[in-house]
Amino acid sequence: MNWTLALPEILLAVSGLVILLACVIPKQDTAYGGSMAVIGALLGAAILVLMQDDGTAFSGQYIADPFGRFMKLLCLAGAAATLLLAIDFNEREKLARFEFPLLALFATTGMMVMISANDLMSVYIGLELLSLPLYVIAAFNRDSGRSAEAGLKYFVLGALASGLLLYGTSLVYGFAGSTNFDKLAEAFAPGQPVSAGVVVGLVFVIAGLAFKASAVPFHMWTPDVYEGAPTPVTAFFAAAPKVAAIALIVRVLTGPFADLSDQWQQVLLLISAASMLLGSFAAIGQRNIKRLMAYSSIGHVGYALMGLSVDTDVGVRGVLIYMAIYLIMNVGTFAVLVSMRRQGKSVELIDDLAGLGRSHPGTAMWMAIFMFSMAGVPPLAGFFGKLYVFLAAMQAGYLWLALIGVGTSVIGGYYYLRIIKVMYFDSTEQPLDAATPGVGLVMAGSGLFNVLFILWPAPLIGAAQLAVAALVG
Amino acid sequence: MNPGFPLLSLLTFLPLVGAAIILSVRGEEKVVAQNARWTALWTSIIVFLLSLALWFGFDKSSAEFQFTEEVDWLPDFGIGYHMGVDGLSVLFVLLSTALTPLCILASWESIGTRVREYMISFLVLETMMVGMFCALDLVLFYVFFEGVLIPMFLIIGVWGGPRRVYAAMKFFLYTLAGSVLMLLAILWLWYNAGTTDIPELFAYEVPRAVQGWLFFAFLASFAVKVPMWPVHTWLPDAHVEAPTAGSVILAGVLLKMGAYGFLRFSLPLLPFASAEYAPLIFTLSVVAVIYTSLVALAQQDMKKLIAYSSVAHMGIVTLGIFTFTPQGMSGAIFTMLAHGVVSGALFLCVGVVYDRVHSREIARYGGVAKVMPGYALLFMLFTMASIGLPGTANFVGEFLVIIAAWKVNPWVAGGGATGMILGAAYMLYLYRRVIFGKLEKPDLRVLLDLSAREYVVFAPLVVLTIWMGIYPSSFLSFFETSVAALLARHEAALNVAKLAGM
């Protein structure tokens, strides 16, 4: 048995246990050391991912391929960056406990298992391993009513989604006779009759996965949880788990169910269009910036799924490029949000950003870059993300979907611009505090990526191309 | 200059180097502001001097793209970094590089807050403008075309007038909404033609059934940018609220992007649709000319008046382009250049009194000639030029366009000519109310005439206005060959279809 393929996951799980022990035993505060150890473990896992061979392990439950590597690296990078943001915030908010990075570590392990899943069982195990820590860290600020509410809401709705997924899985298993992706692909090969039970099961599976990606109509939890959870937790939610969920949707739909695309394509078209529309319209009236980012992320998931819903290689490649750019934009934006504090107190209204252009020109400049990039204005990276999914939609003949996409990106432009307006055009008597160096570093790194992507896009696009080739075969 | 030298890239990206230098300056605010001003001025002057190599090195007898550069950017997708200029674009590059130093000089004292950011925005804007006129790849073109929005949005929104936020938002969203439709057209061309390289695309024949759709997608973007009636409403707002130099660039260069787009993409790529929908463009243009001239007549705000006159002049430009005659197109390009110089100068004229009195209301003025004779003289020159007095820049272009329009349809020519008459009415009316009359307002008595810095700003514009009026062929000769080639290709495409139809 070639269990060595799963070394990155094994490393994460084992180091999680070791760090847990090492942090529990000493009497003094171990939060900082714990965070650093976890970030180290994530980097170690990233190196192992890069060295990984292709193949399957654990009786076909686990698969290692370029697609998985691409997505895992994104998740690891996203998780590490958001943990870096959390260290300082947690200390100031008196949330600095070693459990936080550890839970994030276990969630990340869950993401890796999800991405490498080659069986509906490992899909479920990965998803639960991701979800349980997330429920806890959503309520991590346990003295705050809003945080507790966020955790509870997420838990109840998440449990429902897991139920849907399991029910779908059991239906698929019942009608197809296997949970293994390769065997399912054979069972659904063209020419075989498609039973209604499989279709129902498939729809339930999609519903469960769409919940994790917070795509409309399974998005209801997103704004409340994003708003209630502590800001670094929101940053974590918006980055890595989203990438993992999208990766899983791509893996499931283009793998075992590839030949049932007639059945799932219309569902995804609808989800994508609805997410884009809701994401852009609902964000207009928001005053809390974390809530706004929740709707913005719903919209971005819509754009990403546009690439998948047109069911072409170019489209899937668009999804990968989009998610990579989305992740980096989002980490940068949340770096700014984490640093939003006035006289030591964390604030999160859009109006609190007023006058930032004058008091902290550097932070304001990066934030403006992220906002223009999210709005899809060239020459920033966000434009290229949209470019590739729109291209895929046009190429596959889905002009209406592309039209919805460009229409909603103009509407989205309005609320991203509003943030820039508040930062640069409005003024305030009480400026925000300066960002700390660590947070500034994340901002600058992400901002430079957004600005410079245009100069050297080939590596990311080439890697995405390679990943898609492995997936579609 | 040796052929391998990347002159256009240098022109495009040198301003960014200046911006980076300004960005790295630290220290006391006053010192930083002064440093930023000088760095921006020198950067833009150096760019202008380098761009003169285009003026002297450009081969006017050739319709080919010159000074071309090609680098692989995304070879898998057929997207390259391809720059080059032909007769249609070369003078616009020069116009952009010439206006930028003047704008920076004009903002020397009137911009007192956040000077550093202002100068950075202007230099980034210059990069985007020059890049847009040089881009020979659709995606690259789109990147620059849209990229212009970012610095301009900030210039209007941060340093603008009282309603600046509304104006900046309107400007951005109007233009973005138009552009995304063009993006879809670009994507269509991309995957159907397999390339985004503009010279290669000229060889690709777009199916006739699709041409209409693509034409309207491009029209959505260019019409907003030109702007054509009825999507011109962002322009008066943006002009009124923008700082003086912002208005100059807006009128001088940004409005030309739309018309340039028609010449570069709509006509050569979509010959049938262009011919088919020419009457539509004529109608919109004539409506724009007459309607906005009448609106201008009723304005109380100097900048708004000139903004509406810009819409009218751009109506003449679109009229000329869609006549598909050498006179019409040359006239249109000439009008664009002349309008860039003259309306830029007029906005600067408004800026001069605005800096002193802090009002743009026409009724606030009167009898200014008595205290500012030098200013009155310059203002008169540019007023006459805007009206189209023979011997000044605008006359040549408008005359050519009206002749060409007459050949196509006398009614259209009549409509365009009415606009010129109305133009004389509103400009003279403006001039009379501001400059002549009794000097009654007490605070106007103490106005100082133009300073040396202001004379320096106006001098090149005066020279250009008269030079273009008296010896137009030194400009016309740049684009005559390219216009002829464009028309020949256009007619050939139509003829092939006619033969096939028989």
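An account of the accompanying structure is given in this report. (Residues numbered from 1 in each chain as written. Chains lettered and ligands numbered in written order. Predicted model: local features only at pLDDT ≥ 70, side-chain atom pairs only at ≥ 80, totals over all residues. Heavy atoms only, no water.)

### Overview of the overall build of chain A
Put simply, the test is: For the purposes of this entry, the term helix denotes a DSSP run of H or I that reaches at least four residues, the term strand denotes a run of E that reaches at least two, and both are numbered from the N terminus. Working definition: with a 1.4 Å probe on protein chains only, accessible area under 20% of the residue-type maximum means buried, over 50% means exposed, and in between means partly exposed. For this analysis, residues touch if any pair of their heavy atoms sits within 4.5 Å. Areas reported here follow the Shrake-Rupley algorithm with a probe of radius 1.4 Å; residue values treat only the protein chains shown as occluding. Note that His is not counted, nor are the chain ends; the positive residues are Lys and Arg, and the negative ones are Asp and Glu. Each charge is placed at NZ for Lys, CZ for Arg, CG for Asp and CD for Glu.
Across its full length, chain A carries 20 helices and 4 strands. A principal-axis box enclosing the C-alpha atoms of chain A has dimensions of 70 × 55 × 40 Å. Residues counted as buried form 63% of the 473 residues belonging to chain A. For chain A, long-range pairs separated by at least 24 residues make up 81% of all intrachain contacts whose partners lie at least 6 apart in sequence. Of the accessible surface of chain A, which amounts to about 16,000 Å², a share of 66% is contributed by carbon and sulfur atoms. Placing the 24 positive and 27 negative side-chain charges of chain A at their respective mean positions leaves the two points 8 Å apart.

### A short note on the interface of chain B and chain A
The condition is simple: Buried area, as used here, totals the accessible surface that two parts lose on assembly, with accessibility defined by a 1.4 Å probe and the loss added over both. For this document, the term salt bridge refers to a Lys or Arg side-chain nitrogen within 4 Å of an Asp or Glu carboxyl oxygen. Contacts described as polar in this section are N or O atom pairs within 3.5 Å, which, within protein, must combine one atom able to donate a hydrogen with one able to accept it, while residues neighboring in sequence count only if both atoms come from side chains. Each residue gets one label: Ala, Val, Leu, Ile, Met, Phe, Trp, Tyr, Cys and Pro are nonpolar, Asp, Glu, Lys and Arg are charged, and the others, such as Gly, are polar.
Contacts between the two partners involve 33 residues from chain B and, on the opposite side, 36 residues from chain A. Counting the surface lost from both chain B and chain A, the interface buries some 3,300 Å², and carbon and sulfur atoms represent 83% of this. Our count for the contact surface shared by chain B and chain A stands at 0 salt bridges. Joining chain B to chain A, the criterion identifies 3 residue pairs in polar contact (both at pLDDT 80 or more). Sorting elements by how many residues they give to the side of chain B that touches chain A places helix α7 (residues 164-193) of chain B first, with 16 residues. Here the residues of the side of chain B that touches chain A sort into 26 nonpolar, 3 polar and 4 charged.

### Some points on the layout of surface pockets
Under the convention used in this document: Every definition here rests on a 1 Å grid over the protein atoms only: cavities are sets of points where a 1.4 Å probe fits but cannot get out, pockets are open sets enclosed by protein on both sides within 12 Å along at least five of seven lines, and lining residues have some atom within 4 Å of a point. Grid points are joined across faces, edges and corners, and a volume is the space filled by probe spheres set on the points.
Its boundaries defined by the atoms lining it, the largest pocket holds a volume of some 1,500 Å³. Lining of the largest pocket is provided by 43 residues; of these, A:Ile369, A:Val451, B:Leu16, B:Ile120 and B:Val124 occupy positions nearest its centre. Where the lining of the largest pocket is concerned, the elements lending two or more residues are α16 (361-375) and α19 (437-452) of chain A together with α1 (7-24), β1 (66-74), α4 (115-134), α5 (138-147) and α6 (149-159) of chain B. When the residues that make up the lining of the largest pocket are grouped by side-chain class, the tally is 33 nonpolar, 5 polar and 5 charged.

### Considering the packing of helix α11 (residues 244-269) of chain B against helix α15 (residues 326-357) of chain B
Think of two packed helices as two axes; the pair is described by the angle between the axes and how far apart they sit. Residues and elements named next belong to chain B. In plain terms, the rule: Only the contacting stretch of a helix is used when fitting its axis, a line to C-alpha atoms as for every element, and angles between N-to-C directions run 0 to 180 degrees. Each angle receives one of four descriptions, namely roughly parallel if under 35 degrees, roughly antiparallel if over 145, roughly perpendicular if within 65 to 115, and oblique otherwise. Should the near helix be turned anticlockwise from the far one by less than a right angle, the crossing is termed left-handed; should it be turned clockwise, right-handed.
Remark: α11 packs on α15, axes separated minimally by 7 Å, with the N-to-C direction vectors making an angle of 165 degrees. When the axis of α11 is compared with that of α15, the two are roughly antiparallel. Handedness of the α11/α15 crossing: right-handed. Contacts between α11 and α15 involve Thr244, Ser247, Val248, Ala251, Gly252, Leu255, Lys256, Ala259, Tyr260, Leu263 and Leu267 on the former and, on the latter, Met329, Ile333, Met336, His339, Gly340, Ser343, Gly344, Phe347, Leu348 and Gly351. Residue composition of the contact of α11 with α15, grouped by class: 12 nonpolar, 8 polar and 1 charged.

### Some remarks on helix α13 (residues 289-309) of chain A
Residues and elements named next belong to chain A. We count it as follows: In this analysis, the expected span of each helix is defined as 1.5 Å times one less than the number of residues it contains.
An ideal rise of 1.5 Å per residue puts 30 Å on 21 residues; α13 measures up with 30 Å between its terminal C-alpha atoms. Counting buried residues in α13 gives 21 out of 21 residues, a clear majority hidden from the surface. One side-chain oxygen at the N-terminal end of α13 lies 2.7 Å from the backbone nitrogen of Lys290; it belongs to Asn288. Within two residues after α13, Asp311 carries a phi angle of roughly 60 degrees, on the positive side.

### Re the packing of helix α17 (residues 373-387) of chain B against helix α19 (residues 410-435) of chain B
All names here are of chain B. Their axes nearest at 9 Å, the elements α17 and α19 cross at an angle of 170 degrees. What the angle tells us is that α17 and α19 run roughly antiparallel. Between α17 and α19, the contacting residues are Tyr375, Ala376, Phe379, Met380, Thr383, Met384, Ser386 and Ile387 on the first element and Gly423, Ala424, Met427, Leu428, Leu430, Tyr431, Val434 and Ile435 on the second. Of the residues belonging to the contact of α17 with α19, the class tally is 13 nonpolar, 3 polar and no charged.

### Digging into the side chain of A:Ser116
Locating A:Ser116 in the fold gives a position in the loop between α4 (99-115) and α5 (120-138). When its relative accessible area of 1% is taken as the criterion, A:Ser116 is described as buried.

### Re the pattern of salt bridges
All names here are of chain A. Tallying each qualifying case throughout the model produces 19 salt bridges over all chains. Here Asp224 and Lys153 are joined by a salt bridge, their closest N and O atoms 3.0 Å apart. With Asp224 in helix α9 (residues 221-228) and Lys153 in helix α6 (residues 145-176), the pair connects residues that are 71 residues apart, well separated along the chain. Bridged by salt links that share partners, the residues Arg146, Glu149, Lys153, Asp224, Glu227, Lys290, Arg291 and Glu348 form one connected network.

### Thoughts on the nonpolar core
The following threshold applies: To form a nonpolar core, buried Ala, Val, Leu, Ile, Met, Phe, Trp, Tyr and Cys residues must be joined to one another through side-chain atoms within 4.5 Å.
Ranked by size, the top nonpolar core spans 383 residues in total, and within it A:Phe237, A:Leu253, A:Ile420, B:Phe153, B:Phe322, B:Tyr375 and B:Phe382 carry the most contacts. By residue number, the principal contributor to this core is α15(B), which donates 18 residues. Apart from residues lying up to four places away in sequence, B:Tyr375 is in contact with B:Cys349, B:Val350, B:Val352, B:Val353, B:Val368, B:Ile435, B:Asp449 and B:Leu450. Core analysis: the next-biggest nonpolar cluster, separate from the first, contains 5 residues, A:Ala6, A:Ala57, A:Tyr62 and A:Ala64 among them.

Purely spatial values, then, with no claim about function.
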